[in-house]
Amino acid sequence: NILKSEVSTILNVSINYECDKLQNLPLENLPPVLKLAATLLAFTSVFTLPSDQNVVILARCLEDTDIFKYIDTSVLLKKILAVKLELPSCLLETLANELTRHL
């Protein structure tokens, strides 16, 4: 429950973080806790500084992530769809796959 509240808080706080530093990491192969942290950073980056690069990094982070166990997916989807950027198909496909895995 503590992790759920912390994740929800992080996703609602405006943190300016440019996630280009995550680009060179093997995001798809990180241990679960590091992957969760990278995913949270990528989400905050997309929400505060939307760019194509940040969205692609987020899509990479979302593959096989456990973040959907800890957050309200409807709130997250609203925030993602409100991003003022055309979302690439790689992100939408990854989101759909991961959301159906955790429903």
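Preceding this section is the structure that the text describes.
In this text, all values refer to a predicted model and were calculated from it rather than measured experimentally. (Residues numbered from 1 in each chain as written. Predicted model: local features only at pLDDT ≥ 70, side-chain atom pairs only at ≥ 80, totals over all residues. Heavy atoms only, no water.)

A. How the structure looks around the overall build of the protein chain. Helix and strand content of the protein chain: five helices and zero strands. The N-to-C order of helical and strand elements in the protein chain reads α-α-α-α-α. A buried classification covers 38% of the 103 residues belonging to the protein chain. Working note: accessible area of the protein chain is about 5,900 Å², and carbon and sulfur atoms make up 58% of it. (Helix = DSSP H or I, 4+ residues; strand = E, 2+ residues; numbered from the N terminus. Buried < 20%, exposed > 50% of the residue type's maximum accessible area, 1.4 Å probe, protein only. Areas by Shrake-Rupley, 256 points an atom, 1.4 Å probe, with all protein chains shown as cover.)

B. Main features of the nonpolar core. Counting residues in each nonpolar core, the largest one holds 27 residues, and the members touching the most others are Phe-43, Leu-62, Ile-67, Phe-68 and Leu-91. When residues of this core are traced back to their parent elements, those giving at least two are helix 2 (32-48), helix 3 (52-62), helix 4 (73-81) and helix 5 (89-101). Among the elements that line this core, the one with the most residues is helix 2, at seven residues. Leaving out residues up to four positions away in the same chain, Leu-91 has contacts with Val-55, Leu-58, Ala-59 and Leu-62. (Core = buried A, V, L, I, M, F, W, Y, C linked by side-chain atoms within 4.5 Å. Contact = heavy atoms within 4.5 Å.)

C. How the structure looks around the packing of aromatic side chains. As enumerated under the stated definition, the model contains one aromatic pair in all. Taking the ring centre of Phe-47 as reference, the NZ or CZ of Lys-79 above it sits at 4.8 Å. (Phe/Tyr/Trp six-rings, centres within 6.5 Å; stacked < 30°, edge-to-face > 60°. Lys NZ or Arg CZ within 6 Å of the ring centre and 35° of its normal.)

Purely spatial values, then, with no claim about function.
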